[in-house]
Amino acid sequence: MQNKEKILPQRDIDRDLNLSRDSPSREIVNNLAKKRALERREREKQRENETPRKKEPRILERTLKCIVLNGLVFWLSIFLFQSVVLPCVKLAVDIFTVGSSDALWTYTEPVLSFAFNTLWVLPFFLLSKIVNAIWFQDIADLAFQSTDGRTLVNLSISVMLADTVISILIEVFFLVQAKIVSLFPIEVVGHTCNFVHQCLLHSLYSFEYKWFSQGIELHKRLDYIEINWPYFLGFGLPLAVLTSLPSSQIYAGCVFSIAFPLFIVAGSQGSVVSSPGMPRLNIFAPTLQITNLLFAKTIQRAPTVKKTNIPRFSD
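As a starting point, this report considers the structure included with it. (Residues numbered from 1 in each chain as written. Predicted model: local features only at pLDDT ≥ 70, side-chain atom pairs only at ≥ 80, totals over all residues. Heavy atoms only, no water.)

Observations concerning the overall build of the chain
- The helix and strand inventory of the chain stands at 10 helices and 0 strands.
- Its helices and strands taken in sequence order, the chain reads α-α-α-α-α-α-α-α-α-α from the N to the C terminus.
- Here the chain holds 315 residues, and 30% of them are scored as buried.
- Element-wise, carbon and sulfur atoms account for 64% of the exposed surface of the chain, whose accessible area totals about 20800 Å². (Helix = DSSP H or I, 4+ residues; strand = E, 2+ residues; numbered from the N terminus. Buried < 20%, exposed > 50% of the residue type's maximum accessible area, 1.4 Å probe, protein only. Areas by Shrake-Rupley, 256 points an atom, 1.4 Å probe, with all protein chains shown as cover.)

With respect to the packing of aromatic side chains
- If you walk through the whole model with that rule in mind, you get 20 aromatic pairs.
- A ring pair is formed by Y205 and F256, whose centres lie 6.1 Å apart and whose planes are at 75 degrees; its orientation type is edge-to-face. Placement of Y205 in helix α6 (residues 187-213) and of F256 in helix α9 (residues 249-269) is noted, with a sequence separation of 51 residues between them. (Phe/Tyr/Trp six-rings, centres within 6.5 Å; stacked < 30°, edge-to-face > 60°.)

As for the environment of E109
- The topology assignment puts E109 in helix α4 (residues 101-146).
- Under the relative-accessibility criterion, E109 is labelled partly exposed at 33%.
- Distance from E109 to L86, taken between C-alpha atoms, is 7.5 Å for residues 23 residues apart in sequence.

Focus: the nonpolar core
- The biggest cluster of nonpolar side chains holds 45 residues, and the ones touching the most others in it are L204, L222, I225, F260, I264 and F284.
- For this core, the elements supplying multiple residues, two or more each, are α3 (55-96), α4, α5 (157-182), α6, α7 (218-227), α8 (229-244), α9 and α10 (285-301).
- A per-element tally of this core places α4 first, with 10 residues.
- Beyond its immediate stretch of four places on either side in the chain, L204 contacts E171, W211, L222, I225 and F284. (Core = buried A, V, L, I, M, F, W, Y, C linked by side-chain atoms within 4.5 Å. Contact = heavy atoms within 4.5 Å.)

Remarks on α6
- If you check α6, its first and last C-alpha atoms are 40 Å apart, about what 27 residues at 1.5 Å a residue would give, namely 39 Å.
- Taken as a whole, α6 carries its principal kink of about 40 degrees at F207.
- Where α6 terminates, the next one or two residues include G215, which has phi positive at roughly 80 degrees. (Expected span 1.5 Å × (residues − 1). Bend = angle between axes of the 7 residues up to and from the residue.)

Some thoughts on the side chain of S182
- Within the secondary structure, S182 is located in helix α5.
- Within the structure, the side chain of S182 is placed 2.5 Å from the backbone oxygen of K179, a separation counted as a polar contact.
- Those residues in contact with S182 that sit more than four places away from it in its chain are G190 and N194. (Polar contact = N/O pair within 3.5 Å; in protein donor to acceptor, adjacent residues only side chain to side chain.)

Overview of the pattern of salt bridges
- Counted by the stated rule, this structure contains 8 salt bridges.
- With a closest N to O distance of 2.6 Å, R221 and D163 form a salt bridge. Of this pair, R221 sits in helix α7 while D163 sits in helix α5, placing them 58 residues apart in sequence.
- On the basis of relative accessibility, which here comes to 1%, the residue R221 falls in the buried class.
- The shortest N-O distance in the salt bridge between E208 and R221 comes to 3.1 Å. Here E208, found in helix α6, pairs with R221, found in helix α7; they are 13 residues apart in sequence, far enough to count as distant. Like E208, the residue R221 is buried in the burial classification. (Salt bridge = Lys/Arg side-chain N within 4 Å of Asp/Glu carboxyl O.)

Topic: the packing of α8 against α9
- Where α8 contacts α9, the axes come no closer than 9 Å and their chain directions differ by 165 degrees. The orientation of α8 relative to α9 falls into the category roughly antiparallel. With respect to the hand of their crossing, α8 and α9 are arranged in right-handed fashion. Of the residues in α9, those touching α8 at F235, P238, L239, L242 and T243 are A252, V255, F256, A259, F260, F263, A266 and G267.
- Here the residues of the contact of α8 with α9 sort into 11 nonpolar, 2 polar and no charged. (Axes fitted to C-alpha atoms, helices over the stretch in contact; angles between N-to-C directions. Parallel < 35°, antiparallel > 145°, perpendicular 65-115°, else oblique. Left-handed = near helix turned anticlockwise from the far one by under 90°. Nonpolar A, V, L, I, M, F, W, Y, C, P; charged D, E, K, R; others polar.)

See the structure below:
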C-alpha cells in the first residue's frame with residue numbers, strides 16, 4: 001500500500017508537468033522570450049548601423065568650428081575694428097578736438113592699428129594656424145577612415161617628421177617659384193602662370209592628407225600631380241579663385257581656412273580622372289632640383305657623417 005501511495009503522487013506530478021508544458025502560460029513565456037530576442041537583435045543592428053554614422057557629425061563639427069573660428073571670430077573682429085571702432089574713435093576726436101583733429105588723427109590711427117595688430121591679429125593668427133592644423137588633420141583622418149572603412153597606415157615618427165619637413169620645404173620653394181614666374185614681363189602670362197601654380201598647390205594641400213595616410217611617398221605624389229595636371233588644375237581652381245579675391249593676406253588666410261575642410265573631404269572621397277594623351281607638366285622640376293641641391297650641401301657639410309645616402313626626388 002505504501003508503494004502504491006508513493007507511485008500515485010509521482011504520477012500526479014508527471015501529469016502536472018505534462019499539462020504545464022502544453023499550458024497557455026508556457027506559450028506566453030515562449031512568446032515573450034522570442035520577442036525579447038528579436039528586440040535585442042534589432043538593437044544590435046541599430047548599433048552596428050549607427051557606428052559609422054557617428055563620424056559624419058564629427059567631420060561636420062570640425063568644419064563648423066573652422067568656420068566659426070576663422071569667419072565669425074577672426075575675420076569679423078578685424079572687420080569691426082576697421083569699420084566700426086576706427087570711425088567711432090575718429091568721430092570722437094573730431095568732436096573733442098575742434099581745429100586740430102586731422103593732425104591728432106594722423107598720430108592716433110597708426111598707434112591704434114599697430115596696437116590692434118600686435119595684441120590681437122598676430123597672436124590670434126598664429127594660434128589659429130595651430131588650431132586649424134589640428135582640426136584639418138582630424139577632418140582628413142575621419143574622412144579617410146569613413147571611405148570603405150579604410151585604415152590609416154602606421155608610419156614611424158622619423159618617417160613622418162622627414163616627410164613633413166621635406167613637404168614644407170618643397171611647398172615653400174614652389175611658392176617662391178610661383179612668385180618669380182609672376183614677375184614675367186608680359187603681365188597676362190605672368191599672372192596666368194602664377195595662378196596655375198596656386199591651383200596645383202591647393203590640390204596638393206587637399207590630397208596630401210589622403211596620400212600620406214595611404215603611405216604614398218612625396219615624390220610619387222608630385223609625379224601624380226604632374227601626370228594628371230588637368231584634373232588637379234580644375235580641382236584647385238575654386239580655392240585659388242576664392243583666396244585671390246581678398247586684397248589682404250589675413251583675409252585670404254581666413255577664406256582658405258573656412259573653405260579648405262570641404263576640399264579635404266572632397267580629396268579623400270574623390271577619385272582622380274586621368275587625361276590620356278596629355279603631356280606631362282614638369283612644373284615641380286625647379287623646386288625639386290633646389291631641394292636636392294640643398295640636401296646635398298647639408299649632408300656634405302656634416303663632419304660626423306662619412307658615407308650617407310643622399311635622398312633624391314624625381315624630377
